[in-house]
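Architecture and fold: a report
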Amino acid sequence: MLTLADVHTHYAKSHVLHGISLEVQPGEVVGLLGRNGVGKSTTLKSIMGLVRPSQGRITFEGRDITGMASHKVAHLGIAYVPEDRRIFKLLTVMENLRTGLDRPGLAETRRKELLDKVYESFPVLGERKSQLGGTLSGGEQQMLAIARAMMLEPKIILLDEPTEGLMPRMVSQIRDIIGRLHRDGVAILLVEQDVGLTLGASSRCYIMEKGLMRHHGPSAALKADPSVIHQYMGV
Amino acid sequence: MASQTNHKFWISFLVVVAALAVAPLGIPEFWRKFLTEILIWGLLAMSSDILIGYTGMVSFGHSAFFGLGLYGAAAALLVLRSPNLWIALAVGLAAAAVVAVFVAYFATRLRDIYFAITTLVFSQIFYVIIFTWTDVTGGENGLYFSQPPFTIPGIFSARFSTVTLHWFVLAIVALSYLALRRITQSPFGMVLQSIRENEPRTRAIGYHVERYKIVAVLLSGLFAGLAGTLYAIQHRFAAPDFVFFTVSGEVVIFNVMGGMGTLVGPVVGAAFFLLLREGLSRFWTEYYLIPLGIAFTMMVIFMPQGLLGFLKRRVNQ
Amino acid sequence: MFEQILVQTVNGLVNGMVLALVASGLTLIFGIMDVVNFAHGDLVMLGGFTGAVTVAQTGNFWLGLLVASLTIAVFGALLQLSTLRPLIGRDPLTTIIATFGISLVLQKYALWQFGPTARNIPQPIPGQFELFYLQYPWYRLGAAVLAGAIIGALYLFLKFGKYGIWIRATTQDRVMASAMGIPVPLVHTAVFAIGAAMAAASGVLFAPLAAVTQNMGFEFTLRAFIVVVVGGMGNLGGSILAALFISLLEAYASLVVSPSQAVIVSFVALILTLLFRPTGLFVPTPK
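Residues numbered from 1 in each chain as written. Chains lettered and ligands numbered in written order. Predicted model: local features only at pLDDT ≥ 70, side-chain atom pairs only at ≥ 80, totals over all residues.

**Considering the overall build of chain C**
A tally of helices and strands in chain C yields eleven helices and two strands. Ordered by position from N to C terminus, the α and β elements of chain C give α-α-α-α-β-β-α-α-α-α-α-α-α. Radius of gyration (C-alpha) of chain C: 19 Å, near the 19 Å computed for a compact globule of 287 residues. Within chain C, contacts between residues separated by at least 24 positions form 75% of all contacts whose residues are at least 6 apart in sequence. (Helix = DSSP H or I, 4+ residues; strand = E, 2+ residues; numbered from the N terminus. Rg over C-alpha atoms; globule rule 2.2 N^0.38 Å. Contact = placed C-beta atoms within 7 Å.)

Printed below as a string of structure tokens:
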């Protein structure tokens, strides 16, 4: 469904991605691991059109989306939850959700369904519906960022380090959400530092190092043989 | 290699100066004065290039420096019983320097847009003061004064003719160009350009960016004031119009059209603009600004390196 | 003396409201796309002329207001598409120079299109009332109320309208707004059009108070810049308060000095703001 072929990306004068290839099938949860600064976030940004690859191709459902404008990428069914959450701090929770919900062609009933589902998965957001996004705690903002992406009813969600800086209780909530999304048939490309969570949630994993894809294999195998993880992540 | 380019530079420079010196001899009176005026505006454009082109600080306040040089010289020429060329120059420069100090202060505290707007406001403050303080400045009607003779104290004194004044202005502008060129090619000039490229990095390397900015503003202001003083001497007339924003705007146009950060570019831009204005306004009177404005805006978008940059590219191809 | 101060207070508030209308368009545009629109005052001027022509032809002030706003809105959108969109990503100083070029063209175009004579619009609300020692035109109050109504409508639109959320989201974080599927380039053009429409409307409101001339734009642009900086760039509420503040200052100052000198007060206010509270006088100090 989503394919990256030999993608090179430059970011602020440095050559960050040196030929990244990966793919995600419909409904799959795929992990992307690697140390800090190897280019995991840049990979997601390249897919989303936030940075333009200098070389290579990105295809989604057969369509070439390399360098496509972000809003068009979003319309095709790719949602993005960035590393620093980046919820709209001066909009209320409800308004944040509406940025994804206010789509042409979305029936009123479906709107209600989506909202109910989100409030069910994240009751906290329901409580704080009219509060400004900036007043939420870090964990709540993460919930909101994911909920907001879900409003787009995407085919794949690009999750960038969702558990960073969160308390263990929140982390398990994230784990549950990922599971729930997977059950709903949404594919996920999960960038994480938390190796355990990633291996548990995903069926396959890629490992990056210095802008290159170094390893790729089933998560079960990586779990069974931790030496590969050690090699590339020093964990 | 360096001395070869140096040779080339000096040869072309001397050729241009010689051409400009000889030119007025063969053309009608109106065009002689026009040529002198082009030189003066060229000097103003060069002064602005220091700020805009080299340091990356867009200023809309050059009309203040120019205007105060103008009125400063006017004051000197009016007040003294026997108007003196050198005193007029000195007073004009001093007046411009005072303004430059103020602007320099703001330069260190404000960045980009805020600096640009502040310089604009500054020149408007002077405009309003000059416009309304009619007792001192003659207000709207301006000041008329006489042209001082060229004097070498104790030795020589002679009135200027159109041609000799032209040579005097040419000499000053040429010397100013050489001075500015020296400065921009010196380590100091390199730091200025580094500030334009990446100010935080320049600061991080250890340069005291504020000090460089202050000097850049002072230099720019002084040479702009010099241009104003020369204008006063040539035209014997000062009016608030010269302190109005339009002058600053035109200077920016010279810079952009000619090519920022090249010193020569803005002079070319000034010449180009003034000639175009003179030519077009014969057909279209005031409306010349419509095609010119459109051309200017297009250049900002598509040819940000200006005419000179564009020509350089062509020549290199 | 006290009466004079009260009269000037009313004057200041009236002028302030019209200025607020101009400034809110400018700050909206700046807040969302980092464009300092040097030609904003000229949009006011064009609006004034368009309105004057419409009123002269139809005799209807409200029609003039509507036609001017819509025409200039469309014009603004075209302007943004042709000259400002190519400049996205370049530094803001380039846009200020580009809009300066546009300003020159607009001024001379107005001269060409509308001629050198100043235009006037007769006051739609006739009559005067007694304000202390003066006969004060009703229209002045009417203009202030209208300006306030338009700004109020803008506020409501931004707060509660569907597209209001788009605009606010894009203003806060244009990258994430785009990632959420919001068509940011379209939003930019729309906001510029809205800002242009507001400028045009203020031109029409202003016209019955004084004449519309081809070079009045610069004064408006300059004042609007000052208001936007003093109010905090991108801050809508701040620019309204700042507009009132600046206009009141100028009104009081013109009791002491001549009106053309009173303008220095706003210059000084700008400089002091930049020196001591550069984020804006009416913005809470950032932490």
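**Thoughts on the interface of chain C and chain A**
Across the boundary between the two partners, chain C contributes 16 residues, which contact 21 residues of chain A. Secondary structure elements with two or more residues in the side of chain C that touches chain A: helix 6 (162-172) and helix 7 (174-179) of chain C. For the side of chain C that touches chain A, the class distribution of residues is ten nonpolar, three polar and three charged. (Nonpolar A, V, L, I, M, F, W, Y, C, P; charged D, E, K, R; others polar.)

**Quick word on the sheet that holds strand 8 (residues 187-191) of chain A**
All names here are of chain A. The sheet built from six strands is open, its strands ordered 6-7-8-3-9-10 with mixed pairing. The open sheet has two free edges, formed respectively by strand 6 (78-81) and strand 10 (212-218), since each of these has just one partner strand. Ignoring which end each strand starts from, the neighbouring axes of this sheet average 15 degrees apart. Relative to strand 9 (residues 204-209), strand 3 (residues 29-34) is paired through five bridges, and the arrangement is parallel. Bridge assignment links Gly34 to a residue of strand 9, and that residue is Met208. Contacts between helix 6 (residues 138-150) and the sheet are confined to strand 6 and strand 7 (156-160), with strand 6 contributing the most and set at about 170 degrees to the helix. (Pairing = 2+ DSSP bridges. Axes fitted to C-alpha atoms, helices over the stretch in contact; angles between N-to-C directions.)

**Section: the packing of helix 6 of chain C against helix 8 (residues 184-206) of chain C**
All names here are of chain C. Taken N-terminus to C-terminus, the directions of helix 6 and helix 8 make an angle of 105 degrees; their axes are 10 Å apart at the nearest point. Classified by the angle between their axes, helix 6 and helix 8 sit roughly perpendicular to one another. For the pair helix 6 and helix 8, the contacting residues are Trp166, Ile167 and Thr170 in the first and Val184, Val187 and Val191 in the second. (Parallel < 35°, antiparallel > 145°, perpendicular 65-115°, else oblique.)

**Section: the nonpolar core**
Considering soluble globular proteins, one finds that nonpolar side chains tend to be buried as a cluster. Counting 271 residues, the largest nonpolar core has Leu158(A), Ile188(A), Ala147(C) and Ala200(C) as its most contacted members. The element best represented in this core is helix 8 of chain C, accounting for 16 residues. The contacts of Ala200(C), once residues within four sequence positions are left out, are Leu43(C), Val44(C), Leu46(C), Gly47(C), Thr50(C), Ala68(C), Ser69(C) and Ile72(C). (Core = buried A, V, L, I, M, F, W, Y, C linked by C-beta atoms within 7 Å. Buried ≥ 20, exposed ≤ 12 C-beta atoms within 10 Å, placed from the backbone.)

**Comments concerning the arrangement of the chains**
Among the two pairs of chains that make contact, the interface with the largest number of contacts is formed by chains B and C. If you take every C-alpha in chain A and every C-alpha in chain B, the smallest gap between them is 13 Å, and the two do not touch.

**Digging into the pairing of strand 1 (residues 128-131) of chain C**
Residues and elements named next belong to chain C. Bridge count for strand 1 against strand 2 (residues 134-137) is four bridges, and the pairing is antiparallel. By the bridge assignment for strand 2, Gln128 is matched with Pro137. Counting the residues in the hairpin turn of strand 1 and strand 2 gives two residues, including Phe132, whose phi is positive at 55 degrees.

**A few points about the sheet that holds strand 1 (residues 2-11) of chain A**
The pairing of strands in a sheet happens through backbone hydrogen bonds and is either parallel or antiparallel. All names here are of chain A. The four strands lie next to each other as 2-1-4-5, forming an open sheet whose pairing is antiparallel. Edge positions in the sheet fall to strand 2 (14-24) and strand 5 (63-64), since each has one partner strand and no second. Here strand 4 (residues 53-60) pairs with strand 5 via two bridges, running antiparallel. Residue pairing in the sheet places Thr59 in a bridge with Asp64 of strand 5.

**Some remarks on the environment of Asp173(C)**
Positionally, Asp173(C) belongs in the loop between helix 6 and helix 7. Look at Asp173(C) and you get partly exposed, because 18 C-beta atoms sit within 10 Å. As a C-alpha pair, Asp173(C) and Thr213(C) span 40 residues in sequence and 39 Å in three-dimensional space. Setting aside residues up to four positions removed in sequence, Asp173(C) forms contacts with Arg86(A) and Phe88(A).

**Some details on the confidence of the model for chain C**
All names here are of chain C. In the predicted model, chain C carries a mean pLDDT of 88, and 98% of its residues have values of at least 70. Helix 8 holds the highest mean pLDDT among the elements of chain C, 94, whereas strand 1 holds the lowest, 79. Across the interfaces of the predicted complex, the ipTM metric reaches 0.88, alongside a pTM of 0.88. (pLDDT = per-residue confidence, 0-100.)

**Description of the pairing of strand 3 of chain A**
Residues and elements named next belong to chain A. Summarising burial for strand 3: six of the six residues are buried, a large majority. On strand 3, burial covers both faces: Val29, Gly31 and Leu33 on one face and Val30, Leu32 and Gly34 on the other are all buried. Bridge count between strand 3 and strand 8: four bridges; the pairing is parallel. Each bridged residue has a counterpart across the sheet, and for Leu32 the counterpart in strand 8 is Val191.

**So, helix 3 (residues 93-101) of chain A**
In terms of burial, helix 3 of chain A is largely enclosed, as eight of its nine residues are buried. Burial in helix 3 of chain A covers these residues: Val93(A), Glu95(A), Asn96(A), Leu97(A), Arg98(A), Thr99(A), Gly100(A) and Leu101(A). Against the buried residues of helix 3 of chain A lie helix 4 (108-121), helix 5 (123-127) and helix 6 of chain A together with helix 6 and helix 7 of chain C.

**Some points on helix 9 (residues 217-231) of chain C**
All names here are of chain C. When the terminal C-alpha atoms of helix 9 are compared, their 21 Å separation across 15 residues agrees well with the 21 Å that a helix rising 1.5 Å per residue should span. Extensive coverage of helix 9 is indicated by the burial of 14 of its 15 residues. Gly232 occupies a position one or two residues after helix 9 and carries a positive phi of about 100 degrees. (Expected span 1.5 Å × (residues − 1).)

**Examining the environment of Phe30(B)**
Residue and element names in this part refer to chain B. Summarising the element assignment, Phe30 is placed in helix 2 (residues 29-55). Of the residues examined, Phe30 has 10 C-beta atoms within 10 Å and is grouped as exposed. Separated by 240 residues in sequence, Phe30 and Ala270 place their C-alpha atoms 18 Å apart.

**Points about the interface of chain B and chain C**
Residue-level contacts link 30 residues of chain B with 34 residues of chain C. Taken together, the elements giving at least two residues each to the side of chain B that touches chain C come down to helix 5 (112-132), helix 11 (245-258) and helix 13 (289-302) of chain B. Among the elements that make up the side of chain B that touches chain C, the one with the highest residue count is helix 5 of chain B (13 residues). Across the side of chain B that touches chain C, the residue classes tally to 21 nonpolar, six polar and three charged.

**Some thoughts on unusual backbone geometry**
Residues and elements named next belong to chain A. Unusually for a residue other than glycine, Arg85 sits at a positive phi of about 65 degrees. Summarising the element assignment, Arg85 is placed in the loop between strand 6 and helix 3. In the Ramachandran plot, Lys210 falls in the positive-phi region, its phi being about 50 degrees despite a non-glycine side chain. Mapped onto the fold, Lys210 is located in the loop between strand 9 and strand 10. Residue Lys210 is classed as partly exposed on the basis of its C-beta count, with 13 C-beta atoms lying within 10 Å.

**Digging into the confidence of the model for chain A**
Low pLDDT means the predicted atomic positions in that stretch should not be read closely. Across chain A, the average pLDDT comes to 88, with 100% of residues at 70 or higher. Confidence, read as mean pLDDT per element, is least for helix 10 (residues 227-233) of chain A in chain A (79) and greatest for strand 6 of chain A (94).

**Some points on the environment of Leu39(B)**
All names here are of chain B. Examined against the element boundaries, Leu39 turns out to sit in helix 2. When the C-alpha positions of Leu39 and Ala271 are compared, they lie 8.0 Å apart, and in sequence the two are 232 residues distant. Filtering out sequence-adjacent residues up to four positions away, Leu39 remains in contact with Val169, Leu170 and Val173.

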